[in-house]
Amino acid sequence: MCRLTECNGHAQTKKPFNSKMKRWVCCPVLRNLTVVKGMKMRCRFESTGRPAVPLGSRLLTDPSKVFEHNMWDHVQWSQKDKEMAEMKSRENSAVLIPQEYQNTFDEEASKYWNDFYIAHESKFFKNRNWLFREFPEILSHKKETCTREDGECNAISTSSVESNLCHNDSWQSEDSSHFFAQGDNLKGHHTSVINETVCSCESSRRFSEFKEEMNAFPGSEATFRIFEVGCGAGNSVFPILHALKDQDSGPFLYCCDFSSRAVELIKAHPNYSPALCHVFVHDVCTEAATYPFPDESLDIILLVFVLSSIHPERMHTVVNRLTRLLKPGGMLLFRDYGRYDLTQLRFKKGHCLSENFYVRGDGTCVYFFTKEEVHDLFANTGLKEIQNLEDRRLQVNRKKQVIMHRVWMQSKYQKPVT
């Protein structure tokens, strides 16, 4: 079997959960290879030498040169490619795993992922250094106009909050409103003095409570908060921490995984810093589970190869809950498997749980998305589409002279400001 890098997701493991499950072999070189001709790309990150446009710009215009690189971008499928993929998908989903066994993979998902990280620790996937190229929003705190030098900041200052407490009717308690009503028959200047005194006391008390609440969670003083869901052993965490460590503008990273072993691996890493990051065990499918930060407190939520591991029937609830954590204007960044990716076509009969949802040999699950499904999933929670792309690439094993069609989804959705 060809070992796939992390950006391709989760490769098959060596030990199947029953004797009938076999390992896969890479597909041979395809004869009918569709190339991109005359395709012009809008350049992005020109000054830094980064690839043009999202998802890269290495285009295969001459099929005879296919083995000159390990990966080709924006590969168009021929009609024959599509028909072949649909046929293989129908074949490997013709036999479903019995319902009595299906619940096991959902209910014991954390156990399977724990076993995965116990076996592989942090050595299975490569670090996602491509994150900042495709998702520059992760470092968008660098571009904010708010600077310490000019003294202008979007954050609410202590003085402005304290002032608002005195001038906002919503901060008045029932007791103070009742007191004002009792004093209607007092003289004007006495009423003014009483009002000022009560407002001052009440605002001080409420402001103290406000500060206590704001300081009650890790990263509460940060001005830019990132949250990665399903952080695994830290293949996104540590590239992000490396980018944040020299920043003084107040960024903070949260990350969670429902594998306790994965969380232990992150905490034990020499580059883990509690001053910049808070990692915790959490199952996003458990609706009653709480987060260590309040709603509308996050600027970025990162969902990279994690939503596909959740049962399709649970996805909407998960995304809806995560949306509430975003600040107005906050972004949700998504990358995961696309429909008819090589990983899907490699599955044999007996691995399918439901339509386009499979279980691997190690008991972990994976779903394969379409653009329409991704859009519906996020738009139905009230998020605005910024980007929704289908990333079709040709992965090449030059040593074995093998090519593989890869399909991933990459999307960005924003929470409306109003």
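A quick note: this is a predicted structure, and the numbers were derived from the prediction, not measured.

The rules behind each value
Residues numbered from 1 in each chain as written. Predicted model: local features only at pLDDT ≥ 70, side-chain atom pairs only at ≥ 80, totals over all residues. Heavy atoms only, no water. Helix = DSSP H or I, 4+ residues; strand = E, 2+ residues; numbered from the N terminus. Contact = heavy atoms within 4.5 Å. Areas by Shrake-Rupley, 256 points an atom, 1.4 Å probe, with all protein chains shown as cover. Core = buried A, V, L, I, M, F, W, Y, C linked by side-chain atoms within 4.5 Å. Buried < 20%, exposed > 50% of the residue type's maximum accessible area, 1.4 Å probe, protein only. Pairing = 2+ DSSP bridges. Axes fitted to C-alpha atoms, helices over the stretch in contact; angles between N-to-C directions. Salt bridge = Lys/Arg side-chain N within 4 Å of Asp/Glu carboxyl O.

Peer 1: Give a detailed account of the overall build of the protein chain, specifying residues and quantitative values.
Peer 2: Looking only at helices and strands, the protein chain has twelve helices and eleven strands in total. Expressed as a percentage of contacts within the protein chain between residues at least 6 apart in sequence, the contacts between residues at least 24 apart total 76%. Roughly 21900 Å² of accessible area belongs to the protein chain as shown, and the carbon and sulfur atoms make up 49% of that amount.

Peer 1: Requested: an account of the nonpolar core, with residues and values cited.
Peer 2: Ranked by size, the top nonpolar core spans 40 residues in total, and within it Phe227, Ile301, Leu307 and Phe378 carry the most contacts. Ignoring anything within four residues of it in the chain, the contact list for Ile301 reads Phe227, Val229, Leu322, Leu325, Leu326, Met331, Leu332 and Leu333. Judged by nonpolar contacts, the second largest core, of 37 residues, contains Met71, Trp130, Phe135 and Phe368.

Peer 1: Describe the sheet that holds strand β11 (residues 402-414), listing the residues and the values that go with them.
Peer 2: Taken together, the eight strands give an open sheet; going across it, the order is β1-β10-β11-β6-β5-β2-β3-β4, and neighbouring strands pair in mixed fashion. Strands at the two margins of the open sheet, each flanked by one partner only, are β1 (71-72) and β4 (277-281). In this sheet, β11 lies alongside strand β6 (residues 326-337) in antiparallel orientation, the contact comprising seven bridges. Counterpart to Asp336 in the pairing with β11 is Met409. Strands in contact with helix α10 (residues 312-325) are β2 (224-229), β5 (298-304) and β6; relative to β6, the strand with the most contacts, it is inclined by about 140 degrees. Each of β5, β6, β10 (384-397) and β11 is contacted by helix α12 (residues 371-379), which is oriented at about 25 degrees to β11, the strand it contacts most.

Peer 1: Report on the pattern of salt bridges, specifying residues and quantitative values.
Peer 2: According to the stated counting rule, one finds twelve salt bridges in the structure shown. One salt bridge in this structure joins Arg393 and Asp73, with 3.6 Å as the shortest N-O distance. In this pair, Arg393 sits in strand β10 while Asp73 sits in the loop between β1 and α1 (79-92), placing the two residues 320 residues apart along the sequence. For the pair Arg393 and Asp73, a shared accessibility class is recorded, and that class is buried. Across the salt bridge formed by Arg128 and Glu228, the nearest N and O atoms sit 3.1 Å from each other. Of this pair, Arg128 sits in the loop between α3 (109-120) and α4 (131-134) while Glu228 sits in strand β2, placing them 100 residues apart in sequence.

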